[in-house]
Amino acid sequence: MQGQQKTRWNSRFAFLMAMIGSAVGLGNIWRFNYVLYSQGGGAFLIPYITAIIVMGLPFLILEYGVGYHLRDSLSNILKRIKPYLEVVGWFILLIVFLILTYYLVIVGWDVIYLALSFFKGWGADPNMFFSNNIVVGGDDLNSITSFVLPMSLITILLWIVLWYTSCKSIDRIEKIVKSLIPLLFLLMAFIVFYSLTLPGHMIGLQALFRPKWELLSDPSIWVAAFGQVLFSLSMGLSIAITYASYLPDESEITGNVVAVAFSNSFFELFTAIGVFSILGYMSLQSGLPIDQLATSGAGLSFIVFPQVFNVMGNSAYILGPVFFLCIFFAGLTSLISLFETMRNALSMKFGFTRRKSSTILTIFGLVISLVYTTGSGSFILTIADAFLNNMALILGVILQAVIFGWMYGVEKLIPAINKNSKLKVGKTWTAVIKYILPVILSLLWICEVIDVITFDDINVLIIQIIIAAILIIAPIVLTKLPAKDENSTPKID
Ligand code: PHE
C-alpha cells in the first residue's frame, strides 16, 4: 500500500530545494524588509543574526535530527515518547493545517495580481481597487455570507493544484521544487539588479540600512527579530521533521540546516535591497518620503507596488509580472510543505494512501479556505494570522523544546545527527534546547499574548475563540480516532 511505502528523496538537491522552498515564502518578500527598516535598520542585523544562531539553527537541527532518526510524523513520534503526548502533536499539526488554509488564500490574491500586472488592471487607484475587489467588506463579520467569487474560484483551483502535487508520490513535489526554487532565485536576481539601475535607489537603501543603534536596548526589536526568524525558517511546525524523515540513511544533518538557513537569510536580505531600491525610485518620482511608502504585507505588494508600476511606464509590464510570479513561486513551495506535513501525519496514523489523505485534507481545507474568500474573509484572515503565527506557533516551539529536550532526552539524538555531519553538535547544543530556548521563547510568548489578545472588539474575540476551540477540539478527536495499527508505532525507550 502506498501510504505504508517508504518515501525517500531522490537526491540531496531535491531535499534542499524542498526545505528552502518551505522557508522562502511571503515572509521573505513582503515582511522581512519592513521589519528590517522599522526595527533599527542596519542595527537590526545584530538581534537578527543572534536569533538565527541562538534559536534558528539549534532548533532546526533538533527538528532534522528527530525526523531523520525517528522517521515518523510528529503526532506518532510524540505518542511513541508518551501516549498522552499524541494530542500535543495534533495540536501543532492543526496549526499547520490552519496556517495552510489562509496562506493559500493570500497566494490566491497574488495570482489575481499576477494576471492584472500584464495590463495594470488595478487601474489608477490601487488602494481603492484592493479594497473593492479583494478585501471586500469591513472590519466585522457582517459580510460573511457573500463570496468574492474570483477569489473563491482561485482558491478552489489552488487546492486542486496542491492535491495534484501531493496525491501520487514525492516525485511531483521534487520536480516542482527543483525547478521553481532556482527559477525564483534567478527572477529575484533580475528584479534586484534592475532595481539598482533605477534613479533614486540610494534613497531607499539609505533609509533601509541606516542603523539606529539606540534601539538595540529596546526589547521590541529583539522580539521582532526572534519572531521574524521563527516565521521565516518555518520553524516548529514539524515541516522539517516530515521532510527530514524522507532523508536517506547516509544523509548529513547540520550541513543541510546551515545551507537552508543561509539561503533563506540571503534571499530575504537580497530581496530587501530590491524592494527598497524600488521604493527609493518611487520616493524620487512622487516626492513622498520613504516612511510614507514603506509598509509590509499585502499593503506593500498589492497597493504600493502597483502604484510604483503605474508610474514606471513600460518596463512595469515586465517587472510587475516577474514580481508577482516570485511571490507565487515562493508561496506555492511553502504551501506544498504545509500540505505534505499534515498529509503525512494522516497517512502515518490512519494508514491512508497518499491519494486518500490528500483528498481528505483538500476537502476539509477547502471548506475553511472558502471562509476567507467571503466579504469578511480578509478581516478574519488578519486575526487568524496574528493568533496562529504569533501565539500558537511560539507555544508549539516551546512545547517541542521541552518535550524533546527533557522527556525524550535530546542527548539521544546526538549520535544520529553527528554520524555523517562535519559540523558536530554536543553539550552546548543540548543546553540551548533544554534551557535557553524554553526561557527565551516563554518571554517572547508572553509579549505576543499581551499583544494579540484583546477584549475591545467582540468580533475579534469571537474569531479568536472559534480558532482556539478548533485548536483544542480537533486534536482531541484526532487522537481518539483509532490508528490503523496500534503496533505500527512502537514505544521509544
Ligand atoms: N517561511 C514562510 C515564509 O517566510 C512562511 C511559512 C511559515 C511557511 C510556516 C510554512 C510554514 O513566508
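Look up: the structure comes first, before these words.
Residues numbered from 1 in each chain as written. Predicted model: local features only at pLDDT ≥ 70, side-chain atom pairs only at ≥ 80, totals over all residues. Heavy atoms only, no water.

Remarks on helix α1 (residues 12–23)
- Taking 1.5 Å of rise per residue, twelve residues should cover 16 Å, and α1 covers 17 Å from first to last C-alpha, within 8% of that figure.
- A large share of α1 lies buried, amounting to ten of its twelve residues. (Helix = DSSP H or I, 4+ residues; strand = E, 2+ residues; numbered from the N terminus. Expected span 1.5 Å × (residues − 1). Buried < 20%, exposed > 50% of the residue type's maximum accessible area, 1.4 Å probe, protein only.)

What about the packing of helix α2 (residues 26–38) against helix α10 (residues 219–232)?
- Packing of α2 against α10 leaves a shortest axis separation of 11 Å and a crossing angle of 170°. Put simply, α2 runs roughly antiparallel to α10. Residues Gly27, Asn28, Arg31, Phe32 and Val35 of α2 pack against Ala224, Gly227, Gln228, Phe231 and Ser232 of α10.
- Class assignment for the residues of the contact of α2 with α10 results in four nonpolar, five polar and one charged. (Axes fitted to C-alpha atoms, helices over the stretch in contact; angles between N-to-C directions. Parallel < 35°, antiparallel > 145°, perpendicular 65-115°, else oblique. Contact = heavy atoms within 4.5 Å. Nonpolar A, V, L, I, M, F, W, Y, C, P; charged D, E, K, R; others polar.)

What about the layout of surface pockets?
- Each pocket or cavity is described by its volume, and for the largest pocket that value is around 1,200 Å³.
- Lining the largest pocket are 41 residues, with Arg31, Ser296, Asp385, Ala386 and Asn390 positioned closest to its centre.
- Elements with a contribution of two residues or more to the lining of the largest pocket: α2, α5 (86–117), α10, α17 (377–409), α19 (427–452) and α20 (458–480).
- Among the elements that make up the lining of the largest pocket, the one with the highest residue count is α17 (ten residues).
- Here the lining of the largest pocket is composed, by residue class, of 23 nonpolar, 14 polar and four charged. (1 Å grid on protein atoms, 1.4 Å probe; cavity = no way out; pocket = protein on both sides within 12 Å on 5 of 7 lines; lining within 4 Å. Points joined across faces, edges and corners; volume = space filled by probe spheres on them.)

Here we look at the site of the ligand
- Lining the immediate surroundings of the ligand are 14 residues, of which Ala23, Gly27, Tyr103, Phe231 and Ser234 lie closest.
- Here an oxygen atom of the ligand sits 2.7 Å away from a polar atom, N or O, in the main chain of Gly27.
- Side-chain polar atom of Asn28 to an oxygen atom of the ligand: 3.0 Å apart, as the coordinates give it.
- Isolated, the ligand exposes 320 Å² of accessible area, and the fraction of that covered by the protein chains is 100%. (Near = heavy atom within 4 Å. Polar contact = N/O pair within 3.5 Å; in protein donor to acceptor, adjacent residues only side chain to side chain. Areas by Shrake-Rupley, 256 points an atom, 1.4 Å probe, with all protein chains shown as cover.)

Quick word on unusual backbone geometry
- Look at Arg71: it is not a glycine, yet its phi comes out positive at around 45°.
- Note that Arg71 resides in the loop between α3 (45–70) and α4 (74–81).
- A positive phi angle, near 45°, is found at Lys120, a position not held by glycine.
- Tracing the chain through its elements places Lys120 in the loop between α5 and α6 (126–133).
- Owing to a relative accessible area of 14%, Lys120 belongs among the buried residues under this scheme.

A look at α20
- Taking 1.5 Å of rise per residue, 23 residues should cover 33 Å, and α20 covers 33 Å from first to last C-alpha, within 8% of that figure.
- Within α20, burial applies to Asn459, Val460, Leu461, Ile463, Gln464, Ile467, Leu471, Pro475 and Leu478.
- Against the buried residues of α20 lie α5, α15 (316–350), α17 and α19.
- Where α20 starts, the residue carrying a side-chain oxygen 2.8 Å from the main-chain nitrogen of Asn459 turns out to be Asp457.

Quick notes on the side chain of Glu340
- Counting through the fold element by element, Glu340 comes out in helix α15.
- Among the polar contacts made by the side chain of Glu340, one reaches the side chain of Tyr246 at a distance of 2.6 Å.
- With residues up to four places along the chain from it excluded, the contact list for Glu340 reads Ser166, Ile170, Ile173, Thr242, Tyr243, Tyr246 and Arg354.

A closer look at the packing of helix α14 (residues 298–312) against α15
- Contact geometry of α14 with α15 gives a least axis separation of 9 Å together with a crossing angle of 160°. Classified by the angle their axes make, α14 and α15 are roughly antiparallel. Here α14 runs over α15; the crossing is right-handed. When α14 is examined against α15, the residues Ser301, Phe302, Phe305, Pro306, Phe309 and Met312 are found in contact with a partner set consisting of Ala316, Leu319, Gly320, Phe323, Phe324 and Ile327.
- Residues belonging to the contact of α14 with α15 are distributed by class as follows: ten nonpolar, two polar and no charged. (Left-handed = near helix turned anticlockwise from the far one by under 90°.)

Focus: a nonpolar patch on the surface
- There is a patch of nonpolar side chains on the surface, built from Tyr84, Val402, Trp406, Met407, Tyr435 and Ile436 and spanning about 600 Å² of accessible area.
- Listed by contribution, the elements that provide at least two residues to the nonpolar patch are α17 and α19.
- The element best represented in the nonpolar patch is α17, accounting for three residues.
- Checked against the element boundaries, Val402 lands in helix α17.
- Taking the relative accessible area as the measure of exposure, Val402 reaches 31% and is therefore partly exposed. (Patch = residues over 30% accessible without salt bridge, like charges linked within 9 Å, V, L, I, M, F, W, Y side chains within 5 Å. Salt bridge = Lys/Arg side-chain N within 4 Å of Asp/Glu carboxyl O.)

Section: the pattern of salt bridges
- Tallied over the entire structure, the rule returns eight salt bridges.
- As a salt-bridge pair, Arg80 and Asp72 come within 3.0 Å of each other at their nearest N and O atoms.
- You can call Asp72 buried: its relative accessible area is 6%.
- In this structure, Lys434 engages Glu411 in a salt bridge whose closest nitrogen and oxygen atoms are separated by 2.9 Å. A residue pair is termed long-range when its members are at least 10 positions apart, and Lys434 in helix α19 and Glu411 in the loop between α17 and α18 (414–419) qualify at 23 residues.

Side note on empty space enclosed by the protein
- Evaluated as defined, the whole model comprises three cavities of 30 Å³ or more.
- Taken as a whole, the largest cavity encloses approximately 170 Å³ of empty space.
- Considering the residues around the largest cavity, the lining is formed by 20 residues, among which Ser22, Tyr103, Phe231, Ser234 and Leu237 are closest to the centre.
- For the lining of the largest cavity, the secondary-structure elements that each account for two or more residues are α1, α2, α5, α10, α15 and α17.
- Class assignment of the residues belonging to the lining of the largest cavity gives a composition of eleven nonpolar, nine polar and no charged.
- Volume-wise, the second largest cavity comes out at about 40 Å³.
- If you go around the second largest cavity, the residues you meet are Tyr48, Ile52, Val229, Ser232, Leu233, Ala261, Asn264, Ser265 and Glu268.
- Of all elements in the fold, only α3, α10 and α12 (254–286) reach the threshold of two or more residues within the lining of the second largest cavity.
- With four residues, the single largest contributor to the lining of the second largest cavity is α12.
- Taken together, the residues of the lining of the second largest cavity sort by class into five nonpolar, three polar and one charged.

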